[in-house]
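So you can see what is in the structure, the chains are spelled out below.
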Amino acid sequence: MKKSEMTNKMATINIRQRVEILLDGLLYMRKYAGRTIVIKYGGNAMVNEELKTSVMRDLYLLQTIGMKIVLVHGGGPAIDQAMSRLNKPTKFIDGLRYTDGDDIQIINAVLSGQVNKSLVADLHKIGARAIGLSGADGHLIQTKQLSTELGYVGKISKIDAEAIKLLLNANYIPVIASIGIDDRGQLYNVNADTAASEIAAALNAEQFILMTDVRGILRDIKDPDSLYHELSVDQVQQMLGSGALKGGMIPKIRAIIAAINNGLKEAVILDGRVEHSILLELFSTEGYGSLITQ
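For clarity, every value in this text was computed on a predicted model and none was experimentally measured. (Residues numbered from 1 in each chain as written. Predicted model: local features only at pLDDT ≥ 70, side-chain atom pairs only at ≥ 80, totals over all residues. Heavy atoms only, no water.)

Here's the deal with the pattern of salt bridges
Inspection of every chain in the model, using the stated rule, returns 12 salt bridges. Taking the shortest distance from any N to any O, the salt bridge between R97 and D80 comes out at 2.9 Å. With a gap of 17 residues between them, R97 in strand 4 (residues 96–97) and D80 in helix 4 (residues 76–85) connect regions that are remote in the sequence. For D80, a relative accessible area of 34% corresponds to the partly exposed category. In this structure, K265 and E206 form a salt bridge, with 3.4 Å as the shortest nitrogen-oxygen distance. You can see K265 sitting in the loop between helix 9 (249–261) and strand 13 (266–271) and its partner E206 sitting in the loop between helix 7 (192–202) and strand 11 (207–212), a full 59 residues away along the chain. Put simply, R35, E206 and K265 are held in one network by salt bridges that share partners. (Salt bridge = Lys/Arg side-chain N within 4 Å of Asp/Glu carboxyl O. Helix = DSSP H or I, 4+ residues; strand = E, 2+ residues; numbered from the N terminus. Buried < 20%, exposed > 50% of the residue type's maximum accessible area, 1.4 Å probe, protein only.)

Quick word on the nonpolar core
I39, Y41, L59, L71, I173 and I278 are the most contacted members of the largest nonpolar core, which totals 45 residues. Beyond its immediate sequence surroundings of up to four residues, I39 is in contact with L59, I69, V70, L71, V72, I209, M211 and I278. Ranked by size, the runner-up nonpolar core spans 39 residues in total, among them I156, L203, M239 and I257. (Core = buried A, V, L, I, M, F, W, Y, C linked by side-chain atoms within 4.5 Å. Contact = heavy atoms within 4.5 Å.)

Some thoughts on unusual backbone geometry
What is expected of a backbone is that most residues other than glycine have negative phi and most peptide bonds are trans. Its identity is not glycine, yet H139 carries a phi of approximately 55 degrees, on the positive side. Within the secondary structure, H139 sits in the loop between strand 5 (130–134) and strand 6 (141–145). Within the chain, N204 stands out as a residue other than glycine whose phi angle is a positive 55 degrees. In this structure, N204 sits in the loop between helix 7 and strand 11.

Digging into the environment of G34
By the secondary structure assignment, G34 is in the loop between helix 1 (3–32) and strand 1 (36–41). Linking G34 and G113, residues 79 residues apart in sequence, is a C-alpha distance of 30 Å. In contact with G34, not counting residues within four places along its chain, are G66, M67 and K68.

Here we look at the confidence of the model for the protein chain
Across the protein chain, pLDDT averages 87, with 91% of residues at or above 70. Taken as a whole, residues 5–10 scores under 50 in pLDDT and shows 2 contacts with residues more than four places along the chain or in a different chain. (pLDDT = per-residue confidence, 0-100.)

A look at the packing of aromatic side chains
To describe a pair of aromatic rings, one takes the distance between the centres and the angle between the planes. Applying the stated criterion across every chain yields a total of 1 aromatic pair. Residues Y152 and Y188 carry aromatic rings whose centres are separated by 6.0 Å and whose planes lie at 50 degrees to one another, so their mutual orientation is tilted. Placement of Y152 in the loop between strand 6 and strand 7 (154–159) and of Y188 in strand 10 (residues 187–189) is noted, with a sequence separation of 36 residues between them. A relative accessible area of 29% means that Y152 is categorised as partly exposed. By relative accessible area, Y188 is classed as buried at 4%. (Phe/Tyr/Trp six-rings, centres within 6.5 Å; stacked < 30°, edge-to-face > 60°.)

Remarks on the UniProt feature "binding site: substrate" (unreviewed entry) in the protein chain
With numbering matched to this structure, UniProt assigns "binding site: substrate" (unreviewed entry) to G75, G76, R97 and N189. For the annotated residues, spread through 115 residues, the largest C-alpha to C-alpha distance comes to 12.0 Å, consistent with a single compact locus. Note on R97: relative accessible area 9%, which makes it buried. Apart from residues no more than four positions distant in its own chain, R97 is found in contact with G76, I79, D80, T90, K91, F92, I107, L150, V153 and N189. A distance of 2.9 Å separates the side chain of R97 from the side chain of D80, its partner in a polar contact. (UniProt positions renumbered as here; feature names shortened; annotations may be inferred. Polar contact = N/O pair within 3.5 Å; in protein donor to acceptor, adjacent residues only side chain to side chain.)

In C-alpha cells:
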C-alpha cells in the first residue's frame, strides 16, 4: 500500500471514530437538552489558565446543544492574595474563613467584581452568552449570620431563583458569586459549595456537578483508582459518621446531603484538574466522578 493511500485510510478511520463518538454522545445530549445543570467551579481548574479555558469551552458546548448552565464560584486564592496585599490576617475556624466588617467588603469586591467579571469575560471571549451576578443581586442568596464567632459568615435561609430562571430562559449562562445578603442589606461570605448545592436544589436541576481537586470520593485517599463511582445519601451519611471522610470533603458532602434533602436529584463530585472532565461525566455510561443519589 502506498504511503498516500495509508494516510487517506487512517484519516477515514479517524473521521469514522469521531462520528461514532458523536453518535454515542447523542443519547446523553438528548437526555440533558433543555435541562438545568448547576456547576460549582473552583480549585485548580480556576487558577490554571489552560484548565480554565477548557472548562469555559465545555460550558459553551453544553449551552450550544441546548442545556441550561448555571456556574457558581468561590475564589479563595484571589481572596488570599487581596488580603495579603492589604496586610490583613487570614483566620479559619472549622474550615470557614473568619470575616470581619472590613473583610466582607474585600471579599465582596474580589468575588463579585474581580473573579466574577473575569469568568464572564472568558465565556464571552469564546462566544458564550453569560451574565455575572452576586448572591446579593435580586436577594438571590438570602442569609442569616451563621455565628458571632465567625463574623460575617452567612447561613443560607432561602434561595430566590427567579433572576436565574429569567437568564436561563433568555439563553444566558448565569455566573454567580457566593455572596449572601440579609433582610437589612448586610452582606455575608457564603461557602460556595453550599451556595451551589442549594441553588441546584432550588432550580430542581437535572444535575449538580461539584468540581474539586481530588478524583472524587475514594476508598483509600492515597489511591486515586479506589474511586466510589456511585453512592446513596445513606451511604455517605454513614461515611461522615464513621470518620471515613476527611478534610475539605466533609463540607462538600454535608452541602450535597442538605441539598438532596431539599429536593436535589443527584450530585457529582468531579476532578476539575482533568481536562474536559465535565464532558467525560455527562456523555459517558461510566461517568468520571463520584455520583451521589437519593
